[in-house]
Each structure stands twice: as structure tokens, then as C-alpha cells.
Amino acid sequence: MWGGRFAEGPSAIMREINASIPFDKALWRQDIAASKAHVAMLGQQGIVSSADAAAIAEGLDKVASEYEASGVPENWDLEDIHMTTESRLAELIGPVAGRLHTGRSRNDQVATDFRLWVRDAIDQAEAGLAALQGALVERAGEHAASIMPGFTHLQTAQPVTLGHHLMAYYEMFRRDRSRLADARARMNECPLGSAALAGTGFPLDRKATAGALGFDKPTDNSLDAVSDRDFALDYLQAAAQVALHLSRLAEEFIIWASQPFGFVTLPDALSTGSSIMPQKKNPDAAELVRGHAGRIVGCLTSLTITMKGLPLAYSKDMQDDKPPVFEAASLLGLSIAAMTGMVADSAFRTERMRQAAELGYATATDLADWLVREANIPFREAHHITGAAVKLAESKGVALDALALDELQAIDARIGEGVFAALSVDASVASRASHGGTAPDEVRKRVADARNVLGMNPSPPARGGA
């Protein structure tokens, strides 16, 4: 492959450290597609004869059929997927195969293949997130009025609805999809034809190859085209953000499924047992999603450091760009699928959620708000009065709305009978009717909006419970 430049072949160490075929064979579909687009353009431009172009295209189809049936062979002497394919093509059609590499280099070849692969990975992640959003919206619609405690610092704060809680994750994944779309739009330029680094003297039609491969346009600078891996970093940054959101959602299910909470029963298909404790039902899928987030962030860090300080144009360090991207994409796909199944198939124990909301003094803010509205008390003073009422209820082991009116009036005489209408968890969530609030009607509006965005059918009738 190295031609006449070297008197001796590479050492065993060089052969092993240099070969990328064990991992870049994953690019074979993209490599075949880019090669077919390139040779079609060479034929149209008269750079190779139409007969040679047709023979090369037919040979590439045969190579692709072999790969599909038997996988890509790993001959480390051929180093990578590009030379592996070209070598097999030569075995099939003879010396004419050598014309395929006219006007290109492995540098622009791998940059093109890798962009195509990352573009496919973005599309797969985006589709997976759309399905996850659909599951969240479906369950949120079912539980638009199911009351649970809302938390800050993992302490009971105010009552919210389960539907409202689930729609918060819909919003997170909406932003994630926008980041993936941004990354896809930015990277959709074709490096093919940039050659090694300086372009080529052949009269290539780079717009034709870009269009054939679904790119918006060819890249405008050959040096940047062969050395750019921003598209891979953009993907990893977006993937890391998705993974962080998946990890947060997984943590919610892990906590909710624990016996002290008891808010949810996880599906058997996404849980495991214990080898020694027969009562256990462990949230292993959720825990692995939580763990995968760390690995995906590690993949981003790995490629970030690899690219640090590299001069133009291509350097062999960049051969290490693909393993972290491949690993992150695999982990991300599994994580999205696992959480989609968990959201769709878990049984929510809504009575337990409601009980927890009622016992945690979650309506304390409603008492303070009532004092501001009905007794014209400044909020800071109302906050102090409410704190005293919570302290009394806590000492008696009862909810706020279980305190007698005379007990509340002993704290502040301005408290009247009407306060009890504000102290139930139902009244609390119903009152939070501002745009984006937790009131059931507001949640239903957001669910309807989301269903429209996702192209889902209109909301079915609400159902209660688990």
C-alpha cells in the first residue's frame, strides 16, 4: 500500500498500532456509498471512462453484498476499511479498481464516511428521543390530575401532579432534540474531493457528490475539511446532554421504586432479582442508564483531549476519533430504549403519591399565599405565621388542614374559616394555573400541545391510578 517509498514493511508493533480496521469496519456502508458517489461523478466528468465507472460501481455492490452476508474481514496489513474495500474490489474487477481513488485521499474519504455515520447516529438518537417523548406525553395525559409531592433538595416542597412532573422531562428531551438538529445542520457539508489537504487538480464536480450523499453543499476549505472533527464533538456534546437528562430520569425511577417511597412498580422486563434475597426487585436497567451517562461524558472528554493542539491538517491522532463516538452512540441508544420502556410500562402508585403529598406539609405555601390574599399580610410576615403553623402540626403529627381553626387563630387571629379551602392538596394544585403550572387543566393543555408537535392522536380519556 505504501508503494515504493519504503524498503521494508512495518514492524509488528507499527502494524498493530497503525491498524484501525477492528473498529472502522463499522463505516463500511458509508464507505461504499461515498465510493459509489465518487466514481459516478468521475464518470460524469470524463475523468474515468463510463465503462470503468460502471465496472467499479458493480464491483462495489458485490463487495457490499459480501460484507452484508459475512462481515468485513480484518487484514491488519490493509490497515483500514478504505484499503480493505479497495483491495477486495481489485480482486473482483482487476486493475481498473485503482481508478476509484482518482481525485481523493483517505483523508477526505474518512472525513466523509465519518460524517455520514455521525449523521445517521443523530437521526437514530432523534427518532429514539421522539419515541421517549411520546411515552412521557402518553403517561402525563393519563396522570394530569394525579397528585404527588414536588421536591426541592429532595424534601417535600409543594404538591404537583405526576403529569406535570413527567412533562418536565418532555421539555428536557425537546431541547436535546433541538441540539441534535443543530449539530446535524452544521455538519451537513461534504469533504469528499478535498483530497489529502490541498484539493485536487482533477476537474471534480464536488456539488454532485455532495448532493448524491445528501449533503447540503461541499466544504469550502480543503485543509479544514480533512482535519475537522467538530461534527463528532458536536454529536458527543449533544449525546452527553441527553445522557445527563436520561440519568436524572433514571434516578427518579430508582428513588420512586424504593420501598420508603413506593411511588412506582417497575416492569419486570427492566428489573432483576438477587442471587440471595428472593424479595428483591432491583432497578438495574435504570442504574445502568445512570452509569452510562458517565461513560458517554468520558467519550466526549476523550475526543476533546485528542483534538487539543493538533496542527493542520490531518494527524494520525485523529484515527482515535471513532471509538469514543461509536461507544457513545451504542450506549445512548440502549439508554433511550430502556427509559422509553420504563416510562411506558411502569405502574404508578398514585394513592401512595397522594398520601406522601398530604403528609409532607406541602400546602404550607398555600397557607402563606392565603394570608397575603385574604388578610392583606406582607408575604414575609405570612411566611413566619405559616412556619409556626407547620411547627404546631408537626408536633401534633397531623396535616395542616387537620389543625382546628382555634389552633390556627391562636397563632394569628386574622386566619379565618376560608383558609381550609386552600389547604387541601387538590386546591393547591388547582390554584397553580399559570402558564406552565401544575394545575391539571394546564397540564392537559401542555399535553395536547405536545401531542400535536409529535404527531400523536388526540388525548384519550383520562384514567386514574396505576
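Residues numbered from 1 in each chain as written. Predicted model: local features only at pLDDT ≥ 70, side-chain atom pairs only at ≥ 80, totals over all residues. Heavy atoms only, no water.

Trainee: Can you tell me about the pairing of strand 2 (residues 155-161), naming the residues and giving the values?
Mentor: With 6 bridges joining them, strand 1 (residues 147-152) and strand 2 adopt antiparallel strand pairing. By the bridge assignment for strand 2, Met 148 is matched with Val 160. Turn length for the strand 1-strand 2 hairpin, with the two strands adjacent in sequence and antiparallel, is 2 residues, and the turn residue His 153 shows positive phi of about 55 degrees. (Pairing = 2+ DSSP bridges. Helix = DSSP H or I, 4+ residues; strand = E, 2+ residues; numbered from the N terminus.)

Trainee: Can you tell me about the side chain of Thr 161, naming the residues and giving the values?
Mentor: Tracing the chain through its elements places Thr 161 in strand 2. Classification of Thr 161 by relative accessible area gives buried; the value is 0%. If near-sequence neighbours (up to four positions away) are discounted, Thr 161 is found in contact with His 143, Ala 144, Ala 145, Ser 146, Ile 147, Met 148, Val 429, Thr 438, Pro 440 and Val 443. (Buried < 20%, exposed > 50% of the residue type's maximum accessible area, 1.4 Å probe, protein only. Contact = heavy atoms within 4.5 Å.)

Trainee: Lay out a nonpolar patch on the surface with the relevant residues and their values.
Mentor: On the surface, a cluster of nonpolar side chains totalling about 260 Å² of accessible area is made up of Leu 197, Leu 223 and Leu 312. Tracing the backbone through its elements, the reader meets Leu 223 in helix 9 (residues 222-227). Under the relative-accessibility criterion, Leu 223 is labelled partly exposed at 32%. (Patch = residues over 30% accessible without salt bridge, like charges linked within 9 Å, V, L, I, M, F, W, Y side chains within 5 Å. Areas by Shrake-Rupley, 256 points an atom, 1.4 Å probe, with all protein chains shown as cover. Salt bridge = Lys/Arg side-chain N within 4 Å of Asp/Glu carboxyl O.)

Trainee: Kindly report on the environment of Ser 35, identifying the contributing residues and their values.
Mentor: Relative to the elements of secondary structure, Ser 35 occurs in helix 3 (residues 28-44). Using a relative accessible area of 1% as the deciding quantity, one classes Ser 35 as buried. Ignoring anything within four residues of it in the chain, the contact list for Ser 35 reads Leu 60, Leu 100, Arg 104 and Gln 109.

Trainee: So what's going on with unusual backbone geometry? Which residues, and what values?
Mentor: Cis geometry marks the peptide bond from Leu 312 to Ala 313; its omega dihedral reads 5 degrees. Of note in the backbone geometry, Asn 376 takes a positive phi value of approximately 55 degrees without being a glycine. For Asn 376, the location among the structural elements is in the loop between helix 14 (364-375) and helix 15 (379-396). Classification of Asn 376 as exposed rests on a relative accessible area of 68%.

Trainee: Hey, could you go over the packing of helix 10 (residues 230-257) against helix 12 (residues 322-345) for me, with residue numbers and the actual values?
Mentor: Close contact between helix 10 and helix 12 brings their axes to 10 Å; oriented N to C, the two are set at 30 degrees. Viewed along their axes, helix 10 and helix 12 adopt a mutual orientation that is roughly parallel. In the packing of helix 10 onto helix 12, the handedness of the crossing is left-handed. The segment helix 10 lies against helix 12, with Ala 232, Tyr 235, Leu 236, Ala 239, Val 242, Ala 243, Leu 246, Leu 249, Ala 250 and Phe 253 engaging Pro 324, Val 325, Ala 328, Ala 329, Leu 332, Ser 335, Ile 336, Met 339, Met 342 and Val 343. Per-class residue counts for the contact of helix 10 with helix 12 are 19 nonpolar, 1 polar and no charged. (Axes fitted to C-alpha atoms, helices over the stretch in contact; angles between N-to-C directions. Parallel < 35°, antiparallel > 145°, perpendicular 65-115°, else oblique. Left-handed = near helix turned anticlockwise from the far one by under 90°. Nonpolar A, V, L, I, M, F, W, Y, C, P; charged D, E, K, R; others polar.)

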